[in-house]
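Below are the chains, spelled out letter by letter.
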Amino acid sequence: MPTIEVKISAGLEYSTPIMCDNEIKQAGDIYLLQSGSNIKTFALEGNKIVNSNIINIPKQAYSDKMSEIIFTNGFHFQCTPCTKVLIYNQGYKEINTINADTDKAAEIFIKDNNIDSKPLDIKSVETTTETISKAVYLFMTQHGNLLLPYYQEDKGSLSFICVQQ
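Owing to the predicted nature of the structure, the values given are computational and were not obtained by experimental measurement. Residue numbers restart at each chain and count upward from 1, following the sequence in its written direction. The predicted nature of this model means local features are confined to residues of pLDDT at least 70 and side-chain atom pairs, given and counted, to a pLDDT of 80 or more, with totals for whole chains, interfaces and linings taken over all residues. As a convention, hydrogens and water are excluded, and side-chain values are obtained from all of the structure's heavy atoms.

Brief notes about unusual backbone geometry
Part 1 of the reasoning: Phi angles above zero are rare outside glycine, and D21 is one such case at about 55°.
Part 2 of the reasoning: Here D21 lies in the loop between β2 (17-20) and β3 (23-26).
Part 3 of the reasoning: For N89, which is not glycine, the phi dihedral falls at a positive 60°.
Part 4 of the reasoning: Numbering of helices and strands starts at the N terminus; helices are DSSP runs of H or I of at least 4 residues and strands are runs of E of at least 2. Summarising the element assignment, N89 is placed in the loop between β8 (84-87) and β9 (91-94).

Below, the structure written as structure tokens:
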């Protein structure tokens, strides 16, 4: 019987926030507590936020290379270097190819019942090699992307960064 090899090149670190229904959960908790169940989330389809479902891969992967991206609004997350972020007016770019001086993320938000986006400055992108591999989690959606939520309490606003895994 032939073997099929699946290579996971993009994964999110345990504490990465993911919107499930109307609740923000951590990537690792979703894997540990809801692996295999139907998980409702949101994705980007064209210029609309749509209901989507997470399609779980019921296995942890490990990576010794991790990247952290920090945005000027305070939001940050860790992932593998090949995880793609939606860059304003450019499309998706792998974290390891983002230039914090020139690239700007697409910050997505809801305004007057429509979605809008604006450029969001990237404070830094740093890739490190871990001495001990870290667990990472892959969450595919039926739309091929995932919206990571960031709630700014001082502004009372919720915005999203769109990633592809």
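Considerations on the nonpolar core
Part 1 of the reasoning: Of all hydrophobic cores here, the largest spans 27 residues; its most connected members are I18, F71, F77, V85, F139, L148 and I161.
Part 2 of the reasoning: Listing elements by their share of this core, those giving two or more residues are β2, α1 (27-34), β6 (61-71), β7 (76-79), β8, β11 (114-137), β13 (146-152) and β14 (157-164).
Part 3 of the reasoning: Two residues qualify as a contact provided that any one of their heavy atoms is within 4.5 Å of a heavy atom in the partner residue. Apart from residues lying up to four places away in sequence, V85 is in contact with F77, G91, Y92, K93, I95, I98, A105, I161, C162 and V163.
Part 4 of the reasoning: Take the buried Ala, Val, Leu, Ile, Met, Phe, Trp, Tyr and Cys residues and link them wherever side-chain atoms come within 4.5 Å; each set so joined is a nonpolar core. Type-normalised accessible area, obtained with a 1.4 Å probe on protein chains alone, sets the label of each residue: buried when under 20%, exposed when over 50%, and partly exposed for intermediate values. Among the nonpolar cores identified, the runner-up in size contains 9 residues, and F42, A106, F160 and C162 belong to it.

Points about the pattern of salt bridges
Side-chain pairing between opposite charges can occur once the charged atoms of the two side chains come close.
Part 1 of the reasoning: Any Lys or Arg side-chain nitrogen located within 4 Å of an Asp or Glu carboxyl oxygen qualifies as a salt bridge. One pass over the full model with this rule turns up 3 salt bridges.
Part 2 of the reasoning: In this structure, D121 and K104 form a salt bridge, with 2.4 Å as the shortest nitrogen-oxygen distance. With D121 in strand β11 and K104 in strand β10 (residues 104-111), this pair connects stretches of sequence that are 17 residues apart.
Part 3 of the reasoning: By relative accessible area, D121 is classed as partly exposed at 37%.

What about the pairing of β2?
Part 1 of the reasoning: Where burial is concerned, the two faces of β2 agree: the one with P17 and M19 and the one with I18 and C20 are both buried.
Part 2 of the reasoning: Criterion used throughout: strands pair if DSSP finds at least two bridges between them. Of the pairings in the sheet, the one linking β2 to β3 comprises 4 bridges and is antiparallel in character. The residue of β3 that forms the bridge with P17 is Q26.
Part 3 of the reasoning: Here β2 hands over to β3 after 2 residues, with D21 in that stretch at a positive phi of 55°.

Concerning the packing of aromatic side chains
Part 1 of the reasoning: Note on aromatic pairs: the rings of Phe, Tyr and Trp (six-membered ring only in Trp) are paired at centre separations within 6.5 Å, and the planes decide the class, stacked below 30 degrees, edge-to-face beyond 60, tilted for the rest. Within the structure shown, the criterion is met by 6 aromatic pairs.
Part 2 of the reasoning: Here the aromatic rings of Y14 and Y137 are separated by 6.0 Å at their centres, their planes lie at 80°, and the arrangement is edge-to-face. Here Y14 is found in the loop between β1 (12-13) and β2, whereas its partner Y137 is found in strand β11, with 123 residues between them in sequence.
Part 3 of the reasoning: Looking at Y14, the relative accessible area reads 27%, which means it is partly exposed.
Part 4 of the reasoning: Among the residues examined, Y137 registers a relative accessible area of 3% and is labelled buried.

With respect to the environment of Q78
Part 1 of the reasoning: Structurally, Q78 is set in strand β7.
Part 2 of the reasoning: Note on Q78: relative accessible area 21%, which makes it partly exposed.
Part 3 of the reasoning: Taking C-alpha positions, Q78 is 9.8 Å from V125, a pair spaced 47 residues apart along the chain.
Part 4 of the reasoning: Filtering out sequence-adjacent residues up to four positions away, Q78 remains in contact with L12, E13, T16, M66, S67, E68 and K134.
Part 5 of the reasoning: A polar side-chain atom of Q78 sits 2.7 Å from a polar atom in the side chain of K134. Within 3.5 Å is the distance limit for a polar contact, defined as a pair of N or O atoms, with the added protein rule that one can donate a hydrogen and the other accept it, and that residues adjacent in sequence qualify only through two side-chain atoms.

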